[in-house]
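# Observations on the model geometry
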Amino acid sequence: MQDNATEVTAAGIARLAGVGRAAVSNWRRRHADFPKPVGGTETSPSFALAEVEAWLRRQGKLAEVPLRERVWQQLAGHPEGPVTALTHAGCVLLLIHDRPTLWLEVSAGSDERLAAMLPGALEQVLAPRFGATSARRGAAAVNSRSAVNSPGAVNSRGGARSRVAVNERGSVNEPGSVNEPGSVNPSGAVNTPIAPTAPSAVNRPGAVNTPPPVNTTPAVHTPTGPEVLPSAPLLRGAAELAAEMGGARQAFEFLLGRHLDANPRQYTLTPAELAGLMADLAGPARTALDPACGTGALLRAVAPRPEQELYAQDTAPDLAAVTALRLALRTRATVRAAAGDTLRADAYPELRADAVLCHPPFNERNWGHDELAYDPRWEYGFPARNESELAWVQHALARLKDGGTAVLLMPPAAASRRSGRRIRADLLRRGALRAVVALPVGAAPPYNIPLHLWVLRRPDKAPAQPEVLLADAGQFATEGRGGPDWRAVREAVLDAWHAFDRTGTLDERPGLARALPVIELLDDDVDLAPARHLPPPTAADGAEELTAVRERLGETLGLAAELTPPPAAGARPVRWPLTTVGELARGGALVMRTGGNGGHARVPVLTDHDVLAGTAPSGTLPESDEEPVLTEPGDVVVPVLGGGSMARVIDEATGGAALGRNLVLLRPDRTALDSWFLAGFLRGTANNRQASSYASTATRLDVRRLQLPRLPLDEQRRYGARFRALDEFERALRHANRLGDQLVRGMYDGLTDGTVAPD
């Protein structure tokens, strides 16, 4: 199939040419030779990528499509959907990673030859990495559409199912087949007897066994020649991208990051910082399981160890495939991933892992309550229909070896709902629940709720005087959109947990952590919410601290009064000769860059919220080897969403931060443009109104259309000095507002806890 099978939307064309969508609409109206739509809808048509690329070149609007953008457009416009394309690309990138010379041999020649030879080559890599060849081929019911969902919404429970059994090492057997005990499959795993319908035998005292799985499918299958043929141009591009970005893993992470960023409502992601904290709480693990793996963030955070085994399962087949490929590209550990409903059809009933990490679906009533009433996993009580999270807790405990640790992300309601109090009580009595940690608001979706971490351990013996650790990291929340102060959260939580884990108790840390005897929690409610048992920290020095805040507020208000601009002298509007940002960029007076989709964990990210609020860089970007756009002092940053008139000049403190999404950076030539002059005129209300386009739910600013007067550099600097004074006044007002909030909050807290007297 030719490359023109890949389609691109108007938004994709705008990204290719570096213009706004309005420009694409104008091209369609003004140029009779503009490519005709080949798909999509009347309101959102799609075009053949090859035709668009050729037209842009003829018009002089595009010298060459950047490789990253071309490969992304091929993936996004794939005829079988972006997830199928992503999985095909991931399989080939794994082939390049493991057997680069084999890829060179297969990819030589036509697309038809590539499609004919690729399945056999992939099998040489996928079988050893993910399971036995015969087992993988036995999943005939799993084609590219069932193993990987098309671009519809993905939930945590939906997905195709087939009746395929899975042995303890993750390889898949054909329905009804029984392996000989002790036989070794091609992946090197030892098979154990699995009866087709009866529960498996008890393998050791105290083990929790479940019936063998009947509704799981392999996560990654080898695509056939006809399936892979439409992907041939994409696969060749992905190979080039791997060479450009320095590796197959980097290329896959880039494509996955772009896909997740383009479809934020389809996936519930676990932030990398939270995944790292959960993995550190669980500790070193040779075998680790994530039974609701999503895109694999939790298992990626597990520290690598020799001969490590990583197990993953998710109901959504596309997520299980993505997880398997991400892990295989990142580590040489044994990777076993399965698609299937974990609670109804556990893929690893015999597994006893060192660690289980899980971000389960929240508030789900259709988790199998009616079918699983007598499931042996419910050692601590049968969960109510509205207590799906407690079902996941007990599943995690059932998959742990004695002394193994599980860490689950939980909604705060699970710690206090009356319907779950008996299970919570039994978890406490038997020493299985070791800690409940309240996270700051904004730690993970849903971002407006302070979620909890539950740390559990499969007890090998009952503790003599059991205690449980309750910690609250809510004080480390921040005002920005970049989430909490993760460094402070990690230090506080891990320090408290490690101290408690060593001794079984912990001296109280006011407002942060304390160890409570289990008996104190076994009341009628068994409420485990840390905030109910941890008194807030007393303000340092009480009234003295508030007095210092009041003094700083007075100084700031005085400074704001000094900076108040003088009354403006009456004058008639001036009609200057005007130019636009686009014209200045074409003339070389400034450089224009847009925010990226990837960055590095150690580089702070300036977000659109930071620009609007005047705060320090607070954001994060998906981990990627894509080179971020770094700010420099004197740059002007403009948000493009929201309809407000705002521009920020980067100072020494902010310089070096990565540019976040929905931001445009303008780097003026200092010999031609003054930064403050540029930023000041960009903030004009009328200027922003004429450069904005309006959709049904959002306003987008076309920065290229913003206008500036043509003035000599000396005159620019005169205006720039006034704009800079206005900026200082604005900052002083913001600081005064924050100090005022701090003083009022401290006074209320001091009066109510007795540290401040009414007089």
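Residues numbered from 1 in each chain as written. Predicted model: local features only at pLDDT ≥ 70, side-chain atom pairs only at ≥ 80, totals over all residues. Heavy atoms only, no water.

### Quick look at the overall build of the protein chain
Where we set the bar: Numbering of helices and strands starts at the N terminus; helices are DSSP runs of H or I of at least 4 residues and strands are runs of E of at least 2. For each residue, the accessible area found with a 1.4 Å probe, counting protein chains only, is set against the maximum for its type, and the residue is called buried under 20%, exposed over 50%, and partly exposed in between. In what follows, a contact means two residues having at least one pair of non-hydrogen atoms within 4.5 Å. All accessible-area figures derive from a Shrake-Rupley calculation using a 1.4 Å probe, and residue coverage is judged against the displayed protein chains alone.
Within the protein chain, the secondary structure is distributed over 24 helices and 25 strands. By residue count, 53% of the 759 residues in the protein chain fall in the buried class. Restricting the contact set of the protein chain to residue pairs at least 6 apart, pairs at least 24 apart contribute 73%. Carbon and sulfur atoms make up 51% of the accessible area of the protein chain, which totals about 33,800 Å².

### Things to note about the environment of Ala 647
One can find Ala 647 in the loop between β19 (636-639) and β20 (648-649). In this structure Ala 647 comes out as buried when scored by relative accessible area, which is 6%. C-alpha of Ala 647 to C-alpha of Trp 676: the two residues are 29 residues apart in sequence and 9.6 Å apart in space. Apart from the residues lying within four places of it in its own chain, the contact partners of Ala 647 are Val 636, Val 637, Val 638, Ala 679, Leu 682 and Arg 683.

### Structural notes on empty space enclosed by the protein
Heads up, the rule is: Using only the protein atoms, space was sampled on a 1 Å grid; points where a 1.4 Å probe fits but cannot get out form cavities, open sets with protein on both sides within 12 Å along at least five of seven lines form pockets, and lining residues are those with an atom within 4 Å of a point. Grid points are joined across faces, edges and corners, and a volume is the space filled by probe spheres set on the points. The classification used treats Ala, Val, Leu, Ile, Met, Phe, Trp, Tyr, Cys and Pro as nonpolar, Asp, Glu, Lys and Arg as charged, and all other residues, Gly among them, as polar.
Here the structure, examined in full by the defined rule, presents six cavities of 30 Å³ or more. In this model, the second largest cavity occupies a volume close to 60 Å³. Taken together, Val 611, Gly 614, Met 646, Ala 647, Arg 648, Arg 683, Asp 727, Glu 730, Arg 731 and Arg 734 make up the lining of the second largest cavity. With four residues, helix α24 (residues 713-753) is the largest single contributor of residues to the lining of the second largest cavity. Class assignment for the residues of the lining of the second largest cavity results in three nonpolar, one polar and six charged.

### Topic: the nonpolar core
Note the following rule: Nine residue types can take part in a nonpolar core, namely buried Ala, Val, Leu, Ile, Met, Phe, Trp, Tyr and Cys, and a core is a set of them joined through side-chain atoms within 4.5 Å.
Core analysis: the largest hydrophobic core is formed by 104 residues, its most contacted members being Trp 103, Leu 118, Phe 130, Val 220, Leu 277, Leu 281 and Leu 453. Within the second largest apolar cluster, 43 residues are counted, among which are Ala 292, Leu 428, Leu 433 and Leu 516.

### Here's the deal with helix α18 (residues 486-503)
Our working rule: To estimate how far a helix should reach, multiply one less than its number of residues by 1.5 Å.
In this model α18 runs 26 Å from its N-terminal to its C-terminal C-alpha over 18 residues, within 8% of the 26 Å that 1.5 Å per residue would give. Among the residues of α18, Trp 486, Ala 488, Val 489, Ala 492, Val 493, Leu 494, Ala 496, Trp 497, Ala 499 and Phe 500 are the ones counted as buried. The secondary structure elements touched by the buried residues of α18 are α13 (272-282), β12 (433-438), β13 (452-457), β14 (467-472) and β15 (513-517).

### Re the sheet that holds β19
The pairing of strands in a sheet happens through backbone hydrogen bonds and is either parallel or antiparallel. Applicable threshold: Strands pair, by our definition, only if DSSP identifies at least two bridges between them.
Taking strand neighbours across the sheet as the criterion, the four strands line up as β17-β22-β19-β20 in an open arrangement whose pairing is antiparallel. Both edges of this open sheet fall to β17 (590-594) and β20, since each of them pairs with a single strand only. Bridge count between β19 and β20: two bridges; the pairing is antiparallel. Residue pairing across strands places Val 636 opposite Val 649, the latter belonging to β20.

### Description of unusual backbone geometry
Cis geometry is found at the peptide bond from Pro 445 to Pro 446, where omega equals -5°. The phi dihedral of Asn 363 is positive, around 55°, even though this residue is not glycine. Relative to the helices and strands, Asn 363 resides in the loop between β10 (353-358) and α16 (388-398). If you check the backbone angles, Asn 662 has positive phi at about 65° while not being a glycine.

### Quick look at the pattern of salt bridges
Inclusion rule: When a carboxyl oxygen of Asp or Glu is within 4 Å of a side-chain nitrogen of Lys or Arg, the pair counts as a salt bridge.
Overall, the coordinates contain 35 salt bridges when judged by the stated rule. Here Arg 57 makes a salt bridge to Glu 53, at a shortest N to O gap of 2.4 Å. Of this pair, Arg 57 and Glu 53 both sit in helix α3 (residues 49-58), four residues apart, which is roughly one turn of the helix. The exposure class of Glu 53 is buried, given its relative accessible area of 10%. Counted as one network, the salt bridges with shared partners bring together Glu 379, Asp 402, Asp 426, Arg 430 and Arg 458.

### Here we look at the pairing of strand β3 (residues 45-48)
Relative to β3, strand β1 (residues 7-9) runs antiparallel, the two sharing three bridges. When the bridges of β3 are listed, Glu 7 appears paired with Ala 48. Alignment of strand β2 (residues 39-40) against β3, held across two bridges, turns out to be antiparallel. The residue of β3 that forms the bridge with Gly 40 is Pro 45. In textbook terms, the turn of a hairpin is the stretch between consecutive antiparallel strands, and for β2 and β3 this stretch comprises four residues.

### Comments concerning the side chain of Thr 405
Short version of the rule: Here a polar contact means two N or O atoms within 3.5 Å. Within protein one must be a hydrogen donor candidate and the other an acceptor candidate, and residues neighboring in sequence count only if both atoms are side-chain atoms.
Within the secondary structure, Thr 405 sits in strand β11 (residues 400-410). Of the polar contacts made by the side chain of Thr 405, one reaches the side chain of Arg 457; its length is 3.1 Å. In this view, Thr 405 contacts Leu 281, Ala 282, Asp 354, Ala 355, Val 356, Leu 400, Val 455, Leu 456 and Arg 457; residues no more than four positions away in its chain are not counted.

### So, the packing of aromatic side chains
Where we set the bar: Only the six-membered ring of Trp is used, alongside the rings of Phe and Tyr, when aromatic pairs are assigned; centres must lie within 6.5 Å, and planes under 30 degrees apart are stacked while those over 60 apart are edge-to-face, with the rest tilted. Definition used: whenever NZ (Lys) or CZ (Arg) falls within 6 Å of the ring centre and also within 35 degrees of the ring normal, the charge is taken to sit over that ring.
A complete count under the given rule lists 13 aromatic pairs for this structure. Considering the side-chain rings of Trp 576 and Tyr 719, the 5.9 Å spacing of their centres and the 85° angle between planes classify their relative orientation as edge-to-face. On the criterion of sequence distance, the pair formed by Trp 576 in the loop between α19 (543-563) and β16 (578-580) and Tyr 719 in helix α24 is long-range, its members being 143 residues apart. The class of Trp 576 is partly exposed, set by a relative accessible area of 28%. Among the residues examined, Tyr 719 registers a relative accessible area of 25% and is labelled partly exposed. Considering the side-chain rings of Phe 681 and Tyr 719, the 5.6 Å spacing of their centres and the 55° angle between planes classify their relative orientation as tilted. Of this pair, Phe 681 sits in helix α22 (residues 675-682) while Tyr 719 sits in helix α24, and the two are 38 residues apart along the sequence. An aromatic cluster is built from Trp 576, Phe 677, Phe 681, Tyr 719 and Phe 723, whose rings are joined through pairwise contacts. Above the plane of the ring of Phe 254 lies Arg 68, whose end atom (NZ or CZ) is 5.8 Å from the centre. One Lys or Arg, Arg 718, reaches over the ring of Tyr 719 and ends 5.8 Å from the middle of that ring.

### Quick word on the sheet that holds β2
Here is the rule we go by: Comment: axis = line fitted to C-alpha atoms, over the contacting stretch for helices; angle = value between 0 and 180 degrees taken between N-to-C directions.
The three strands are arranged β1-β3-β2 in an open sheet whose pairing can be described as antiparallel. Strands at the two margins of the open sheet, each flanked by one partner only, are β1 and β2. Along the sheet face, α3 touches β1 and β3 and points at about 75° away from the line of β3.

### Comments concerning the environment of Asp 261
Along the chain, the position of Asp 261 falls in helix α12 (residues 248-262). Among the residues examined, Asp 261 registers a relative accessible area of 29% and is labelled partly exposed.

### Concerning the confidence of the model for the protein chain
Convention followed: pLDDT expresses how confident the predictor is about each individual residue, on a scale running from 0 to 100.
The pLDDT averaged across the protein chain works out to 82; a share of 82% of its residues lies at or above 70. In this model residues 133-215 is a low-confidence stretch, pLDDT under 50, and it forms 198 contacts with partners more than four residues away in sequence or in other chains.

### Concerning the state of the cysteines
Which entries qualify depends on this criterion: Cysteine sulfur pairs qualify as disulfides if the two atoms are within 2.5 Å.
In the structure shown here, the tally under the stated rule is zero disulfides. You can see Cys 358 has no disulfide; the closest cysteine sulfur is in Cys 293, sitting 9.6 Å from it. Residue classification places Cys 358 among the buried residues on the basis of a relative accessible area of 0%.

### Points about α22
Here α22 lies mainly inside the structure; eight of its eight residues are buried. Every buried residue belonging to α22 is among Ser 675, Trp 676, Phe 677, Leu 678, Ala 679, Gly 680, Phe 681 and Leu 682, and all of these are buried. Regarding α22, its N-cap is Asp 674, as a side-chain oxygen of that residue lies 3.1 Å from the backbone nitrogen of Trp 676 further along.

### Remarks on the pairing of β10
The condition is simple: Note on handedness: a clockwise path from strand one over the helix to strand two, with the strands aimed away from the viewer, defines a right-handed crossover.
Counted residue by residue, β10 has six buried out of six residues, so it is predominantly covered. Pairing between strand β7 (residues 287-290) and β10: two bridges, direction parallel. Residue Leu 289 lies in a different strand from β10, and its bridge partner there is Val 356. Here β10 runs beside β11; their pairing, made up of five bridges, is parallel. Directly across from Ala 353, in β11, lies its bridge partner Leu 400. This β-α-β element, β10 to α16 to β11, shows right-handed connectivity.

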